[in-house]
Every structure is written in structure tokens, then in C-alpha cells.
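Structural description and commentary
The lines below spell out each chain.
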Amino acid sequence: MKNFLHRLPEYALWLSLAVLAWFVFAVFAPKLGVIGWQTGFGFMTVQAGPILLGIAALVALVALALAFFRTPRGVWWKAALALAIPVVLFAGLLSVRAQGDAAPPIHDVATDVYDPPQFSAQTLAMREEWGANALNDYSTPLGRLEMWQDRVDPNLAIKTHADVIAENYGDLQPIATGQVSQEQALDAAVAAMADIGLQDIRRDPAAGTVEGVAETFAYGFRDDVIVRIRDGRIDMRSASRVGLSDLGYNAERLRKLSDAIRKRLGN
């Protein structure tokens, strides 16, 4: 028992490193296709993650106290490092939660809220294969949509996607093509999507659209992106395949895509 207590800081450090490895696996294994995002994000991060962090922090705290107050004093820095690991990880989880609370509870954003660009049959098939979120009508109040029923407060439930986007992402605006031809605008959209790291970029000159897929660094979440060139303007849309809120990532992606297109067009 005495030897165990003396080595508790070391054991606590190994436990915290194991928890760190747990989170690394949870974050990157879905991206590599080893496990599904439901397991990596839903179970390992959201459900089991806080429990494991609490256990690791408690063991490290006890080890740190014993290292300071026992005679001879133990290896306190190992216990301190063991405590720092779960504290930092927990702070990261709180930061993500705060970001989610601050962002609108939607995962589909467009520059045209009255007639958003429509994804192709190929993209819709990929979304269906993924078991993706439904693409909802922008004019229907959130409270009438199954995904948001009983999940938003009454003030938000009466608002539509169009309302939420206009209130929170008013800076997202169409791009005027000016003297640029349809073909040149399509070229700019294709190049801009590549510039911001989109994959599976597909061009449809007949429809006047370009589509691509964005994949997040963590968990490998995928979002579908479309650019539509019509009537002298370029509109964009980005929609997540999974998740209730996108933490504001789709809007930020459209900002980057807009900047990249404007740069390609010389605007």
C-alpha cells in the first residue's frame, strides 16, 4: 500500500495520458473510417468523455495532495501534469459547448434565403446514404420541423431558416458577376472551392452550379456546398449532413468561399 501511494502520481499520469489517447482516438478515428461519428462524437466525447475526465482529475488531485503532504515528498510534477491534462481537455469541451450555445441552432445556410440553391440528385443520394439531415424549407418555422420541435424556445420556434440567417448572418450576400461570363464565373467557383480545401468538386454547366464537399478536421463531419450562377449573381449554400447546430461553421465557410470567388474574379 505504501509503495502504491508513493507511485500514485505516476499512475495518475498514465491514467490521464490514457484519457488523452481516448479523446485523440474519438476525434480522428471517425475521419479515418475506423468508427462512426456517432461512436466517436456521441459516445466517446459527449457521453463517456466528461466521466473519464472527472475520474482522471480526481485521481490526479489526490495524487498531488499526497505528493505534497507525505514525507518524503513524492514526485509532485507528475501529479500536476496528470491534473493539467483533464483540466485542459475539459476546458476545450466547455469552449465547444459555449460556441454551440452562441451559434444559431441551424446547420443549413445560404446567401439566397428565399430561393436557396438546390443540390443535385447525386448530392442528395450521398446525403441519403449517410443518413443525413433533411434539407428543410427555409420558409417553415423551426417549431414545425421535427428536428427542432421541443428543442428551441418559443421565440425561436416561430422563426424560419430565412429569419435566423438574416438575423445572424446578414453579411452573407450574393456576388454580382458584372461583366464576367457564365463560364468564367463557373471557373472561378471551381477554383475557389479548391482554394478553401473542398473535395469532390463537380461542375454542371447546364444547371449553372458547382458542388463540393467539405470535411472537418475533427471527427470527419461532412458538409455539402453548392454555388449557383444565375441572373447575373452568384449564390452559395452550405449544409451539414449531421448534427443539430453547425457551431457557425457553414456561415464561416461561405464567407471564405465568397472571398475566394471575389479574389478569382478580381473583385
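Our subject is the structure that appears above.
Calculation criteria
Residues numbered from 1 in each chain as written. Predicted model: local features only at pLDDT ≥ 70, side-chain atom pairs only at ≥ 80, totals over all residues. Heavy atoms only, no water. Buried < 20%, exposed > 50% of the residue type's maximum accessible area, 1.4 Å probe, protein only. Helix = DSSP H or I, 4+ residues; strand = E, 2+ residues; numbered from the N terminus. Arc of directions from axis to C-beta. Contact = heavy atoms within 4.5 Å. Expected span 1.5 Å × (residues − 1). Bend = angle between axes of the 7 residues up to and from the residue. Salt bridge = Lys/Arg side-chain N within 4 Å of Asp/Glu carboxyl O. Patch = residues over 30% accessible without salt bridge, like charges linked within 9 Å, V, L, I, M, F, W, Y side chains within 5 Å. Areas by Shrake-Rupley, 256 points an atom, 1.4 Å probe, with all protein chains shown as cover. Pairing = 2+ DSSP bridges.

**So, helix H5 (residues 121-130)**
Those residues of H5 that sit buried are Thr123, Met126 and Arg127. All buried residues of H5 project into a common sector of 100 degrees when viewed along the axis, lining one side. Opposite the packed face of H5, turned more than 90 degrees from it, sit the exposed residues Ala121, Glu128 and Glu129. Buried-residue contacts for H5 involve strand E3 (199-204), strand E4 (209-215), strand E5 (222-230) and strand E6 (233-240). The positive-phi residue at the C-terminal boundary of H5 is Gly131, with phi of around 70 degrees.

**A few points about helix H2 (residues 8-32)**
Spanning 25 residues, H2 covers 35 Å between terminal C-alpha atoms, matching the ideal 36 Å at 1.5 Å per step. Approximately 25 degrees is the largest bend angle found in H2, and it occurs at Ala26, with the proline Pro30 only one to four residues beyond. Looking only at H2, the buried set comprises Leu8, Pro9, Ala12, Leu13, Ser16, Val19, Phe23, Ala26, Val27, Ala29 and Pro30. Of the residues trailing H2, Gly33 is marked for its positive phi of about 80 degrees.

**Re the environment of Arg151**
Of note, Arg151 is situated in the loop between H5 and helix H6 (154-157). When the C-alpha positions of Arg151 and Gly49 are compared, they lie 23 Å apart, and in sequence the two are 102 residues distant.

**Quick word on the pattern of salt bridges**
Considering all chains together, one arrives at 21 salt bridges under this definition. Among the salt bridges present, the one from Asp231 reaches Arg230, with a minimum N-O distance of 3.8 Å. Residue class for Arg230 comes out partly exposed when judged on its relative accessible area of 37%. With a closest N to O distance of 2.8 Å, Asp235 and Arg233 form a salt bridge. The exposure class of Arg233 is partly exposed, given its relative accessible area of 32%. Within the structure, one salt-bridge network assembled from shared partners comprises Asp112, Asp115, Arg228, Arg230, Asp231, Arg233 and Asp235.

**Brief notes about a nonpolar patch on the surface**
Among the surface-exposed residues, Trp14, Leu17, Leu20, Val24, Phe28 and Phe217 lie close enough to one another that they form a single nonpolar patch of about 590 Å² accessible area. When you line up the elements, Val24 lands in helix H2. By relative accessible area, which is 42% here, Val24 ends up partly exposed.

**Description of the pairing of E3**
Examined bridge by bridge, E3 and E4 share 4 bridges and lie antiparallel to one another. For Arg203, the partnering residue across the bridge sits in E4 and is Val210.

**Here's the deal with the pairing of E5**
In terms of burial, E5 is largely enclosed, as 7 of its 9 residues are buried. Relative to E5, E4 is paired through 7 bridges, and the arrangement is antiparallel. Across the sheet, residue Val210 finds its bridge partner in E5, namely Val227. The hairpin formed by E4 and E5 contains 6 residues between the paired strands, and Tyr219 there has a positive phi angle of roughly 70 degrees. Here E5 pairs with E6 via 8 bridges, running antiparallel. Bridge pairing links Val225 to Ser238 in E6.

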